[in-house]
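Descriptive structure summary
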Amino acid sequence: MAAVVNKLSFRPMTPADIDAVVALEQAAFSMPWSRDSFESELELNPLATYVVMEADGKFAGYAGMWIVIDEAHIMNVAVGAAWRGHGCGKALMRRMIELAAAAGAEKMTLEVRRSNQVARRLYAGCGFIEGGFRPGYYTDNGEDALLLWLEDLRG
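I will try to describe carefully the structure that is included in this document. (Residues numbered from 1 in each chain as written. Predicted model: local features only at pLDDT ≥ 70, side-chain atom pairs only at ≥ 80, totals over all residues. Heavy atoms only, no water.)

Quick notes on the overall build of the protein
Counting its regular elements, the protein contains 4 helices and 7 strands. Ordered by position in the sequence, the α and β elements of the protein form the string β-α-α-β-β-β-α-β-α-β-β. In terms of C-alpha radius of gyration, the protein reaches 15 Å, essentially the compact-globule figure of 15 Å for 155 residues. C-alpha extents for the protein along the principal axes are approximately 40 × 35 × 35 Å. Within the span of the protein, comprising 155 residues, buried residues form 39% of the whole. Long-range contacts, defined as pairs at least 24 residues apart, comprise 59% of the intrachain contacts of the protein with a sequence gap of at least 6. As displayed, the protein has an accessible area near 8100 Å², and 53% of this comes from carbon and sulfur atoms. If the 15 positive side-chain charges of the protein are averaged to one point and the 20 negative ones to another, these points end up 7 Å apart. (Helix = DSSP H or I, 4+ residues; strand = E, 2+ residues; numbered from the N terminus. Rg over C-alpha atoms; globule rule 2.2 N^0.38 Å. Buried < 20%, exposed > 50% of the residue type's maximum accessible area, 1.4 Å probe, protein only. Contact = heavy atoms within 4.5 Å. Areas by Shrake-Rupley, 256 points an atom, 1.4 Å probe, with all protein chains shown as cover. Lys, Arg positive; Asp, Glu negative; His and termini not counted. Charge placed at Lys NZ, Arg CZ, Asp CG, Glu CD.)

Take a look at the structure:
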């Protein structure tokens, strides 16, 4: 684990980041997105906003969302293992909230595995509340997804 994070920075994801993003995606998730999915998001989806987080100049994570009218939907969030437990996930989510609000979104939503207590604590710490669930959402094991909402991005 990285001992201390001195500086976090955020920038738009580019095609040059996809190798690192896919590697993190495969390490972090049981159902990782493919390289083609990320390429399509960056090149073809005008609703998509993807951000890379760097900690002390090194790739540390990424997040992506779609912004549709007044609503932002978080698609992916991942922080590298070396950077977990240092507030990086919360900083990354705060950046996504800022970007969504700046783009005119008033609320934000996401799905999270019912069993993912670490992510649920992160989202709760950012103000998200449970607003329902999607039964059997995750096809790898049939687990439910909790629907979380942040109702006021400006507050």
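Quick word on the packing of helix H3 (residues 88-102) against helix H4 (residues 117-125)
Angle between the axes and distance between the axes are the two parameters that describe a pair of packed helices. With their axes 10 Å apart at the nearest point, H3 and H4 run at an angle of 50 degrees to one another. Between H3 and H4, the angle is such that the two are oblique. Two packed elements cross with a definite hand, and for H3 against H4 that hand is right-handed. Of H4, the residues touching H3 (which contributes Gly89, Lys90, Met93 and Arg94) are Leu122, Tyr123 and Gly125. Partitioning the contact of H3 with H4 into residue classes produces 3 nonpolar, 2 polar and 2 charged. (Axes fitted to C-alpha atoms, helices over the stretch in contact; angles between N-to-C directions. Parallel < 35°, antiparallel > 145°, perpendicular 65-115°, else oblique. Left-handed = near helix turned anticlockwise from the far one by under 90°. Nonpolar A, V, L, I, M, F, W, Y, C, P; charged D, E, K, R; others polar.)

Some words on unusual backbone geometry
For Asp56, which is not glycine, the phi dihedral falls at a positive 50 degrees. When you line up the elements, Asp56 lands in the loop between strand S2 (48-55) and strand S3 (58-68). Residue class for Asp56 comes out partly exposed when judged on its relative accessible area of 32%. For Ile69, which is not a glycine, the phi torsion comes out positive at approximately 55 degrees.

Some points on the side chain of Glu25
When you line up the elements, Glu25 lands in helix H1 (residues 18-28). One buried charge, Glu25, has no salt-bridge partner; the nearest side chain with opposite charge is Arg84, at 9.8 Å. For Glu25, the residues in contact, after removing those within four places along its chain, are Met31, Pro32, Trp33, Phe38, Tyr62 and Asn76. (Salt bridge = Lys/Arg side-chain N within 4 Å of Asp/Glu carboxyl O.)

Considerations on the environment of Trp149
With respect to the helices and strands, the residue Trp149 is situated in strand S7 (residues 145-150). On a C-alpha basis, the gap between Trp149 and Glu54 in space is 26 Å, while along the polypeptide they are 95 residues apart. Discounting chain neighbours no more than four positions away, the residues touching Trp149 are Glu71, Lys107, Met108, Thr109, Gly127, Phe128, Ile129 and Gly131.

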